[in-house]
Amino acid sequence: MEFARGRGISRRLFNSGMLVGGLVAASGLPLISEVRAQQPKRGGLVRLALFQQSTGDTFDSARYDKGNDYIRGTSVYSYLTSMSEDGTARPEVAVSWEPNTEATRWAFKIRKGITFSDGTPLTIDDIIFSIMRHKEEKVASSAKQLAANISSVKADGDDGFVVELASPDVDLPILIGLFQFALVKKDTYDFSKPVGTGAFMVKEFQPGIRTVLVRNPNFWKEGRPYIDEFEMFPIPDAAARANALLSGDVDMVLELRGNGIEEVGKSDVADVFVTPSTRYTAIQAAVDRAPSNNIDLNLAMAYMIDRQRLLDTVLRGYGMIANDHPIGPKSPYYNANLPQRGLDLDKAKYHLGKSGIGNTKVQVAVGDGVLYSVDIGQLLLREATRAGLNLDIKREPAESYWTAVAGKRPYAATNFHPRPTYNMLLNLAWRKGAPWNFSHYENDKLEKLIDESRATLDMQKRVEYYHEIQSIIHNSGAIILPCFLSYIDGVSKKIKGLTPLPIGSLGGFNFTDRIWIET
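Please read these numbers as outputs of a predicted model, since none were measured by experiment.

## Focus: the sheet that holds strand 4 (residues 94-99)
Read from one edge of the open sheet, four strands run 4-5-7-6, paired in antiparallel fashion. Two strands in the sheet have a free side with no partner beyond their single neighbour: strand 4 and strand 6 (150-155). When the angles between neighbouring strand axes are averaged without regard to direction, this sheet yields 20 degrees. Pairing geometry for strand 4 and strand 5 (residues 105-110), over five bridges, is antiparallel. Paired with Ala94 across the strands is Ile110, a residue of strand 5.

## Thoughts on the layout of surface pockets
For the largest pocket, the calculated volume is near 900 Å³. Asp65, Trp402, Pro435, Trp436 and Phe438 are, among the 41 residues lining the largest pocket, the residues nearest its centre. Mapped by element, the contributors of at least two residues to the lining of the largest pocket are helix 5 (67-76), helix 7 (144-147), helix 15 (401-404) and strand 16 (411-416). Of the residues assigned to the lining of the largest pocket, the class counts are 13 nonpolar, 17 polar and 11 charged. Of the volumes computed, that of the second largest pocket is approximately 450 Å³. Lining the second largest pocket are 24 residues; nearest its centre among them are Phe51, Pro236, Arg257, Asp368 and Gly369. For the lining of the second largest pocket, the leading source of residues is helix 14 (residues 373-387), giving three residues. In the lining of the second largest pocket, the residues fall into nine nonpolar, six polar and nine charged.

## So, the confidence of the model for the protein chain
Across the protein chain, pLDDT averages 91, with 93% of residues at or above 70. Scored below 50 in pLDDT, residues 1-30 shows 70 contacts in the model against residues more than four places distant or in partner chains.

Conventions adopted
- Residues numbered from 1 in each chain as written.
- Predicted model: local features only at pLDDT ≥ 70, side-chain atom pairs only at ≥ 80, totals over all residues.
- Heavy atoms only, no water.
- Pairing = 2+ DSSP bridges.
- Helix = DSSP H or I, 4+ residues; strand = E, 2+ residues; numbered from the N terminus.
- Axes fitted to C-alpha atoms, helices over the stretch in contact; angles between N-to-C directions.
- 1 Å grid on protein atoms, 1.4 Å probe; cavity = no way out; pocket = protein on both sides within 12 Å on 5 of 7 lines; lining within 4 Å.
- Points joined across faces, edges and corners; volume = space filled by probe spheres on them.
- Nonpolar A, V, L, I, M, F, W, Y, C, P; charged D, E, K, R; others polar.
- pLDDT = per-residue confidence, 0-100.
- Contact = heavy atoms within 4.5 Å.

Next comes the structure, spelled out in structure tokens:
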């Protein structure tokens, strides 16, 4: 029996935001069963317009932190597993897995006969390296925190391997399918000329400018990919991006905004592809420095954001109101007992008085590289003036935002894609020393709860742990998280084969080997 697949119902309960039925209905595209019934066609070029532009674009999956990277990675590399529409781990290179009774030891079997695009066979040693490299000191892996619980990975014959864990993890098959865990050749540290076992090979790569991929003739999924070539490049301006889709200059775009949503929605050439999710943009306070270590000042700002106005006017209704923690209201773990924060100038003034900030100017960094952060900053500024806070919203350049601003300034906007499980997100963003702990928040009790929630199969205990986690983060003042954001993308009507996944745009950033062009 395959553990993760055999326990599919439990997995759906454990993971929030797996809104498959709602997703399909919201997307306006065919049902998943209808997509599968259609006959794919081969050939052609598909062009995708990105909304982010970064010179940090890379093929080193250990450093992946943006949707651009994730799409590039799922196109060129293979993964041991992927997430299915019902939230369970789906076989990819790994065909089966079995845990011991404590979920501290997992035995995997892999598919035979897979080769890299240069013809070299994929081996168990390559797989072991691809997992364990995230623990190496010299590898700057964004998944280092997630790999910390992996004690060892050893071969089990020529078609299997065994993972030993320091503590139980019922979600391991999901974890090793994350974007960062791409399968690469053993001892690869230079990714300037990437070689993978995925659907495509790299024809051209200019970080921040253009990526061109061509079909990999050695791809192990029979008949795939359907398209011959895939190209992606940034168009940062939202209006220009929508116009490029409507004019046929591109076939797909990430992040439709404002009027572009309506224009694409009423067009005859493209559809709006909506994926409800728990993605978010937040203002994070670096609690290890002044003035952002002032909890009352942070709580005052939390009461200055009109969340309903943000949802209705900026997000056009494509989202959900949040309560200053990352757990979504549709999750079985959601703590509905916490008081919902909203615009309340009386409470804002109360906390401002307690903070002692007086007329001292407080600066909040936002930028075009952080989705909707400029809009959130403007909403905050409007109410700060009424509450008596001397607030300065500073718009920072997109190109350097994530290296020079996020986590470096006392207050800075950040945004996060959802992860397959909340535990993975908490490990990446709320642990001591975690690469994306932009608030520099440290709390031993919180870390213990994160560990305990990962280790137990007792649903009631998990709910209790997650309720306490939400309470700690909500009351920490380390994050102002007003709304969850749906993914709103645009797709030409001639592109077929897409199904939504709530962990990212366009099928969870994993679609290039399954789409085709309807001629």
